[in-house]
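For reference, the chains in residue letters:
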Amino acid sequence: METKSENRSFGGTQGVYSHASEACGCDMTFALFLPEEARTAPVPLLWFLSGLTCTHENAMTKAGAQAWAADHGVALCFPDTSPRGDDVANDEAFDLGQGAGFYVNATQDPWATHFKMWDYITEELPTLLERNFALDMERQAISGHSMGGHGALTIAMHLPDRFRSVSAFAPIANPTESDWGRKQFTAYLGGDASTWALRDSTRLMEERGFDGPVLIDQGTDDQFLHLLKPEALAHAMTARRQDGAFRMQKGYDHSYFFISTFMEEHVAFHAEALYA
């Protein structure tokens, strides 16, 4: 593992690191914020999965999460959104290929060689973090934005024993019924739509739900509402009587201005679960 940078931030350290990923078959970069408490004891970990076109850097620099994580003594991990490199398959469209891993393991060529983001986020990167940093991996929570909200929700519902809470900002909520989903799942997973349901948070909410609290924030002026389909997930949460809240925030769009506005509440939400 190579240290790319480390900066003092709110009493803790904001680091950026790279390593050779076996899952993705290329070098991967991630950011990790460690609060001051990590100097003396392992601290809980909150994951933040970013959206389309993002790298590890977007949320690290724009979400304003470090201040609130420092207040609660919680670490933050910002992974990249896909494998990258000259040898990694890509597409001219912004919503497929590099920067658009959709947090799945691709089974179709040319994506299958490198696009193993599910294994990377759920297996390889957690192991690397546990070995190298003062983190209490028995206390984890997960959040994300847009494509990353889709990733956070699906991962949490598949691994409920790992995560104490899950939240999302404007998640791609029903990808099997959206062009932000059908296109990518066809490319990465193949044309058999029956295999896609396990990667759809609305379908997973209908079938299994999450054994813990859920918080969703969605802006009413989001320019991508027709692709996100929040009403499907809200209906599924209501029908299941899921412990949680789905909040429509008046006037907010899809940007990091929206995320940074409500980040304090999301970090506090997760901190309550992590320290319960």
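Placed above this text is the structure.
Q: Would you mind showing me how to read the overall build of the chain here?
A: Check the secondary structure of the chain and you find nine helices and nine strands. Computed over C-alpha atoms, the radius of gyration of the chain comes to 17 Å, within 12% of the 19 Å expected from 2.2 N^0.38 for 276 residues, which places it in the range of a compact globule. C-alpha extents for the chain along the principal axes are approximately 50 × 45 × 35 Å. In the chain, which comprises 276 residues, the proportion classed as buried is 59%. Sequence-distant contacts, at least 24 apart, represent 72% of the contacts inside the chain between residues at least 6 apart. Split by element, the accessible area of the chain, about 11200 Å² in all, is 46% carbon and sulfur. Computed over 20 positive and 38 negative side-chain charges, the separation of the two mean positions in the chain equals 3 Å.

Q: Help me out: how do you make sense of the pairing of strand β8 (residues 214-219) in this one?
A: Across a regular strand the side chains alternate sides, sitting on one face of the sheet and then on the other. With six of six residues buried, β8 is to be regarded as a mostly interior element. Both faces of β8 are covered, namely the face carrying Val214, Ile216 and Gln218 and the face carrying Leu215, Asp217 and Gly219. By the bridge criterion, six bridges tie β8 to strand β9 (residues 244-249) in an arrangement that is parallel. Within β9, the residue paired with Val214 across the bridge is Gly244.

Q: Sorry, what's going on with the pattern of salt bridges here?
A: Here the idea is simple: oppositely charged side chains can pair when their charged atoms come close. A full pass over the atoms with the stated rule returns eight salt bridges. The salt bridge partner of Lys4 is Glu2, with a shortest N-O separation of 3.9 Å. The closest approach of N and O atoms between Asp95 and Lys183, which form a salt bridge, is 2.7 Å. On the criterion of sequence distance, the pair formed by Asp95 in the loop between β5 (75-79) and α3 (117-132) and Lys183 in helix α5 (residues 179-189) is long-range, its members being 88 residues apart. Via salt bridges that share partners, Asp217, Arg247 and Glu265 belong to a single interconnected network.

Calculation rules
Residues numbered from 1 in each chain as written. Predicted model: local features only at pLDDT ≥ 70, side-chain atom pairs only at ≥ 80, totals over all residues. Heavy atoms only, no water. Helix = DSSP H or I, 4+ residues; strand = E, 2+ residues; numbered from the N terminus. Rg over C-alpha atoms; globule rule 2.2 N^0.38 Å. Buried < 20%, exposed > 50% of the residue type's maximum accessible area, 1.4 Å probe, protein only. Contact = heavy atoms within 4.5 Å. Areas by Shrake-Rupley, 256 points an atom, 1.4 Å probe, with all protein chains shown as cover. Lys, Arg positive; Asp, Glu negative; His and termini not counted. Charge placed at Lys NZ, Arg CZ, Asp CG, Glu CD. Pairing = 2+ DSSP bridges. Salt bridge = Lys/Arg side-chain N within 4 Å of Asp/Glu carboxyl O.

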